[in-house]
Amino acid sequence: MLRKTLIACALATCGLSSAHAMSVEVYGLVDYGFSLSNTSGNAENAIHNDWNFEMKSGMRNSSRVGFRGTEDLGNGYKVHFVLENQFLADTGALQDSSSFFARESSIAVSGPFGKLTLGKVGKLRSPVGTTALASTVTNPFGSAMSNFVAGTKTVTSGDYLTVNNAVTYASPDMAGLRLYAQYSFANTDEGDYVDDDDRYMALGARYTNGPLMVTGIVDTINLKHNHDRGEQPTTVTVLGSYDFGFLKPYAFVHYFENGTINTMGGYIKANNADTYDGFGAGLSLQWPIGNGRAKVGVGYMDAEYSDSPIKNDVTRYTVQAGYDYVLTKRTHLYTDIGFAQQDQETSDGKTNLKGYEWLAGIVHYF
């Protein structure tokens, strides 16, 4: 009788351990490469035909180290955590000195109801983190590569990375459709524009059906203070892709009001103390060649001052092409070229800024 009792207890313990299995993983990547860029223009601070050759970290992918884990609670419920930083591989320094886990620090619960994530996470329209909906699955060039190999960032507006103190909900899969909602209790990643008690909010939806993926995102910041920079910023973004096998096209359209315009390469910029209304769009193609993938893309943005009689029109054009070679499962090689141009017309006259870049590098995943 005693033996049977001990066997039953052992089996129950094994069952309990299995139902609450915990797995923890250390992961990351190191990205190193070389960049040769040239800048020119007719603005007062423009550098005419200046060439710059440098070794850089994180041109295709940001170098990072992360910890993630999942505990199975049974009956379809799980608890997850992610702690992920971002660093400069050429110096070893953190890329964001104000935050050790700059890319994500979150805990989440998933189950039949969907997934609820708490903490510092990527915005829905970000390419960063577990809650992001605008990663390389929606654009083969990501947000941007180095200086002038453009992705979505250069022709879209505002901060696009992470949000602090956030609650993010993702619904269960409903015949290919998932719905998303995000709310921040204190967003402090947008500098002086956003105070600690302003609130970031976003809604999203993604539909996947075989090779088709379509994503829509709306976000805004409820400015509780009287900011000199205008009304609350609002964006609407639609991204889509379709995998034909031999060719995969990607496209996005981005509309914005009262938004800031991102800088390209620290050189091509547009009065970021002001806000703009406008739109951006991009189209990219990717296809397999040899043991890798080739890609080409174009981007366009048109913007003007928000609710201001002062003339300030900004137009941007980008062209980029590249090739990613899979050397091994964990090691990839890449090379890309890019061109970016900004035309700006104000009451004081016209300026034209241009940037060219060739880059090549290596990414190792671990």
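For the chain, an unreviewed UniProt entry supplies the name Porin and the organism Candidatus Aphodousia faecigallinarum. Under the UniProt heading Subcellular location (unreviewed entry), the entry covering the chain gives this text: "Cell outer membrane".

> Is there a simple way to explain the confidence of the model for the chain in this structure?
Caution is warranted with low-pLDDT regions, since their predicted coordinates should not be read in detail. On average, residues of the chain carry a pLDDT of 87, and 87% of them reach 70 or more. Confidence over residues 1–19 falls short of pLDDT 50; this stretch has three contacts with residues more than four positions distant or in other chains. The low-confidence segment residues 190–194, where pLDDT is below 50, has 16 contacts with residues more than four positions distant or belonging to other chains.

> Hey, could you run me through the side chain of glutamine 320 in this one?
Following the sequence through the fold, glutamine 320 ends up in strand E17 (residues 312–326). Setting aside its immediate chain neighbours within four residues, glutamine 320 contacts Phe141, Val149, Ala150, Lys295, Val296, Gly297, Val298, Gly299, Ile337 and Gly338.

> What is the right way to read the pattern of salt bridges from this model?
A complete count under the given rule lists six salt bridges for this structure. Among the salt bridges present, the one from arginine 68 reaches glutamate 25, with a minimum N-O distance of 2.9 Å. Of this pair, arginine 68 sits in strand E3 (residues 64–74) while glutamate 25 sits in strand E1 (residues 22–41), and the two are 43 residues apart along the sequence. Judged by relative accessible area, which is 36%, arginine 68 ranks as partly exposed. Overall, the relative accessible area of 38% leaves glutamate 25 in the partly exposed class.

> Is there a simple way to explain unusual backbone geometry in this structure?
The phi angle of most residues is negative, glycine excepted, and most peptide bonds adopt the trans form. For asparagine 75, which is not a glycine, the phi torsion comes out positive at approximately 55 degrees. Along the polypeptide, asparagine 75 turns up in the loop between E3 and strand E4 (77–84). Overall, asparagine 75 belongs to the exposed group, its relative accessible area being 76%.

> Got a minute to help me understand the pairing of strand E13 (residues 234–242) in this structure?
Sheet faces and side chains relate simply in a regular strand, where the side chains alternate between the two faces. What you see with E13 is a clean split: Thr235, Thr237, Leu239 and Ser241 sit on the buried side and Thr234, Val236, Val238, Gly240 and Tyr242 on the side with no burial. Of the strand pairs in this sheet, strand E12 (residues 212–222) and E13 are connected by nine bridges, and their pairing is antiparallel. Bridge assignment links valine 218 to a residue of E13, and that residue is valine 236. Pairing of E13 with strand E14 (residues 248–259), which is carried by eight bridges, proceeds in the antiparallel orientation.

> Can you help me understand the pairing of strand E9 (residues 162–170) in this one?
Where strand E6 (residues 114–122) meets E9, seven bridges bridge the pair, whose relative direction is antiparallel. In the sheet register, glycine 119 faces E9, and the bridge partner there is alanine 166. Inspection of the sheet shows E9 paired to strand E10 (residues 177–184) by five bridges, in the antiparallel sense. When the sheet's bridge partners are listed, alanine 170 is paired in E10 with tyrosine 180. The antiparallel pairing of E9 with E10 creates a hairpin that spans six residues between the two strands, and alanine 175 there sits at a positive phi of about 55 degrees.

> Even after reading the chapter, I still don't get a nonpolar patch on the surface, so can you show me in this structure?
On the surface, Met174, Leu177, Leu179, Tyr207, Val214, Val218, Val236, Val238, Tyr255 and Phe279 cluster together into a nonpolar patch covering about 770 Å² of accessible area. Looking at the nonpolar patch, the elements that each hand over two or more residues are E10, E12 and E13. Relative to the elements of secondary structure, phenylalanine 279 occurs in strand E15 (residues 276–289).

> What should I look at first to understand the packing of aromatic side chains in this one?
Any two aromatic rings considered together are summarised by their centre-to-centre distance and by the angle between their planes. Under the criterion given, the structure shown has eleven aromatic pairs. Pairwise contacts between aromatic rings join Tyr242, Phe244 and Phe246 into one cluster. Against the face of phenylalanine 141 rests lysine 295, its NZ or CZ located 4.8 Å from the ring centre.

Here is what the cut-offs are and how they apply
- Residues numbered from 1 in each chain as written.
- Predicted model: local features only at pLDDT ≥ 70, side-chain atom pairs only at ≥ 80, totals over all residues.
- Heavy atoms only, no water.
- UniProt positions renumbered as here; feature names shortened; annotations may be inferred.
- pLDDT = per-residue confidence, 0-100.
- Contact = heavy atoms within 4.5 Å.
- Helix = DSSP H or I, 4+ residues; strand = E, 2+ residues; numbered from the N terminus.
- Salt bridge = Lys/Arg side-chain N within 4 Å of Asp/Glu carboxyl O.
- Buried < 20%, exposed > 50% of the residue type's maximum accessible area, 1.4 Å probe, protein only.
- Pairing = 2+ DSSP bridges.
- Patch = residues over 30% accessible without salt bridge, like charges linked within 9 Å, V, L, I, M, F, W, Y side chains within 5 Å.
- Areas by Shrake-Rupley, 256 points an atom, 1.4 Å probe, with all protein chains shown as cover.
- Phe/Tyr/Trp six-rings, centres within 6.5 Å; stacked < 30°, edge-to-face > 60°.
- Lys NZ or Arg CZ within 6 Å of the ring centre and 35° of its normal.

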